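Here's the letter readout for the chains.
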Amino acid sequence: MASPPRSPRPSPATLCAQALGEVDPQTRALVPPLHAATTFERDADGEYRSGRAYTRPHNPTYDAPARLLAQLEGGRDCLLFASGMAASTAVFQALLPGDHVVAPRVMYWALRAWLNGFASDWGLDVEFVDTTDLDALAAAMRPGRTRLLWLETPSNPMWDVTDIAAASAIAHRAHARVAVDSTVATPVLTRPLALGADLVVHSATKYLNGHSDVLAGALVCAAEDGYWQRVRAWHRDAGAVLGPFEAWLLLRGMRTLFVRVERCSASALALARHFAGHPQLEVLYPGLAGHPGHVVAAAQMQGGFGGMLSLRHRAGEAAAMATAAGVRVFKRATSLGGVESLIEHRASIEGPSTPVPRDLLRLSIGLESLDDLIADLEQALARPAPEAAAPAATDPSSVATASPATLGERAAVLVSERIRPAVLDRGGDLEYAGCDGQRLTLRVHGSPGAVLPLRQGIESLLRHYLPELQGVDFTATEAPTAPVDPAAGLAARVRHVLAEHVNPVVAAHGGRIDLARIEGDAVYVRLEGRCQGCAMAEVTLRQGVEALLRQHLPDLGAVLDATDHAAGSDPYFRTRKGT
Ligand code: PLP
């Protein structure tokens, strides 16, 4: 007997519209129920045959949105997080200190700041490159050491487009994983796993939910390997999970994902084309033939180029601000991917460390009438522009590109205006000490733990603004120091390094580091004076003192803390410290 014809596999648009097409088996409801329960009953024999014990890993409301997203992305598994940042940082926190990771120069700013701060302090070796330049990307890979390539495409807020397939091939040759932040593209327009990526990340706060009323993140994997188990463990144990109501709202929002993204993309393209020849504007949108990422975007994105674009006002920052001030239909707000159109002056959201041009307005195109949106921008642009202000001396883009100053002069400005404040914040200090050809020397003062962990971030920032830079050297002291006597015993050599290289800088903090004892090749040091009571004590020890000792004594085993932080002259753990 002939078997009945197989029903065709539903398309992604159908899966979305019907929230996987499932009907609640108990009630026949077409909308899945919301489970508020935080805990689930155990069987009489103590087993959990339902497979659910506690909400953090097991809330049933997570199941449908997670399975739908895994199917849309063509992945094996999906985890929902409390935010896009929680999903993104989980990818890095499943790595190990010492791992080298490569990330784009143009990317979502809060993650860039987290990589430069927490991730670098924690020990990841983060390198920022232009991921649209495949030669630069290949050169950045360190086979065996690079564990992750992070991509964002199109990327905030210049909408740079990275070729996911080519970049993944480069990373895989170096045995590195590839994670793609596909928030702006959405699974409607791009499927990174099909192009070779290993992980896809979404701020589900944006298009996936689509109504500016849920904060959520999602991570989808191509393989449930050991690394994914570490991500799962981090998600479960650190607890950056979604609330059930947010998960329920997210599924509801995803039902209209396809129509929203298609409409936003069509409107964004029409708006970009309308303003492309405008005398006051430069339009950044990957759907325009003149955009540097257009060819790759046309091949990699299916059915549109997304709803995000930026406008650079040729009359500068004040005119851009005045345009944003003059809108009536657009809302002046950050975020993206909602039903309402948003406009924002991006540099002022990102703060003083931003590389974003100050004349740039970021637009998220929503579902309003296209004619209303175009007319709104036309009237805002037609308002009389204020006097254009000269770029501030601290504007990093003007320092890096417009100024005719020498490399050393530009570096000195960047160091004093942009880098030194962060170092001072951590209790250290740093100054520009000179430039030899295309190498810079920076002199550091204060606690080595305050400055040394920032080395990678400082170098990345300088390379970003000074592309011709070949390298950065850090010197801790001005006076030449006596070399270590290789014939001396370990204790004598440790004392020598502490006296010559460590304590002169620690003294600036009112502290001192002493050798407590040596056991085998393990060196126990004691923090004295103010270092003993310093909140940075562990960082000072691990990333400052230990780094300097190892630099001079490569045969060293462990460096361990013998300080009694709770009972010394200035104890770290004294209650009501400072009173
Ligand atoms: N990735 C991109 C591209 C974003 O635009 C954002 C937020 O704006 C995030 C990640 C972070 O997401 P969330 O705000 O949900 O933490």
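Look up: the structure comes first, before these words.
Keep in mind it's a predicted model, so treat the numbers as computed, not measured.

Asks: Help me understand the side chain of N503 in this model?
Replies: In this structure, N503 sits in helix α20 (residues 490-506). Among the polar contacts listed, one links the side chain of N503 to the backbone nitrogen of I513, at a separation of 2.8 Å. If we ignore the near neighbours within four places in the chain, the residues touching N503 are L498, R512 and I513.

Asks: Which parts of the structure should I look at to understand the packing of helix α3 (residues 63-73) against helix α10 (residues 244-254)?
Replies: For any two helices packed against each other, one specifies the crossing angle of their axes together with the interaxial distance. Axis separation between α3 and α10 bottoms out at 9 Å; the angle between their running directions is 40 degrees. Considered as vectors, α3 and α10 are oriented oblique to each other. The residues of α10 that touch α3, namely those facing A64, P65, L68, L69 and L72, are A247, L250, L251 and M254.

Asks: Explain the site of the ligand to me, please; I cannot follow it from the model alone.
Replies: Neighbouring the ligand are 14 residues, the closest being G84, M85, D181, S203 and T205. Between N156 and the ligand, the recorded distance is 3.4 Å, taken from a side-chain N or O atom to an oxygen atom. Between an oxygen atom of the ligand and a side-chain N or O atom of S203, the distance comes to 2.9 Å. Coverage of the ligand by the protein amounts to 92% of the 390 Å² it exposes when considered alone. Residue composition of the shell around the ligand, grouped by class: five nonpolar, six polar and three charged.

Asks: Can you walk me through a positive patch on the surface in this structure?
Replies: Among the surface-exposed residues, R328, K331, R332 and R383 lie close enough to one another that they form a single positively charged patch. You can see R383 is positioned in the loop between α15 (370-382) and α16 (396-402). Overall, R383 belongs to the partly exposed group, its relative accessible area being 35%.

Asks: It is not clear to me how helix α4 (residues 84-93) should be interpreted in this structure. Could you clarify?
Replies: Counting along an α-helix, one turn takes 3.6 residues, and residues three or four places apart therefore face a common direction. Buried residues dominate α4, accounting for nine of its ten residues. A side-chain oxygen of the first residue of α4 lies 3.4 Å from the backbone nitrogen of M85; this N-cap is S83.

The rules we used
Residues numbered from 1 in each chain as written. Predicted model: local features only at pLDDT ≥ 70, side-chain atom pairs only at ≥ 80, totals over all residues. Heavy atoms only, no water. Helix = DSSP H or I, 4+ residues; strand = E, 2+ residues; numbered from the N terminus. Polar contact = N/O pair within 3.5 Å; in protein donor to acceptor, adjacent residues only side chain to side chain. Contact = heavy atoms within 4.5 Å. Axes fitted to C-alpha atoms, helices over the stretch in contact; angles between N-to-C directions. Parallel < 35°, antiparallel > 145°, perpendicular 65-115°, else oblique. Near = heavy atom within 4 Å. Areas by Shrake-Rupley, 256 points an atom, 1.4 Å probe, with all protein chains shown as cover. Nonpolar A, V, L, I, M, F, W, Y, C, P; charged D, E, K, R; others polar. Patch = residues over 30% accessible without salt bridge, like charges linked within 9 Å, V, L, I, M, F, W, Y side chains within 5 Å. Salt bridge = Lys/Arg side-chain N within 4 Å of Asp/Glu carboxyl O. Lys, Arg positive; Asp, Glu negative; His and termini not counted. Charge placed at Lys NZ, Arg CZ, Asp CG, Glu CD. Buried < 20%, exposed > 50% of the residue type's maximum accessible area, 1.4 Å probe, protein only.

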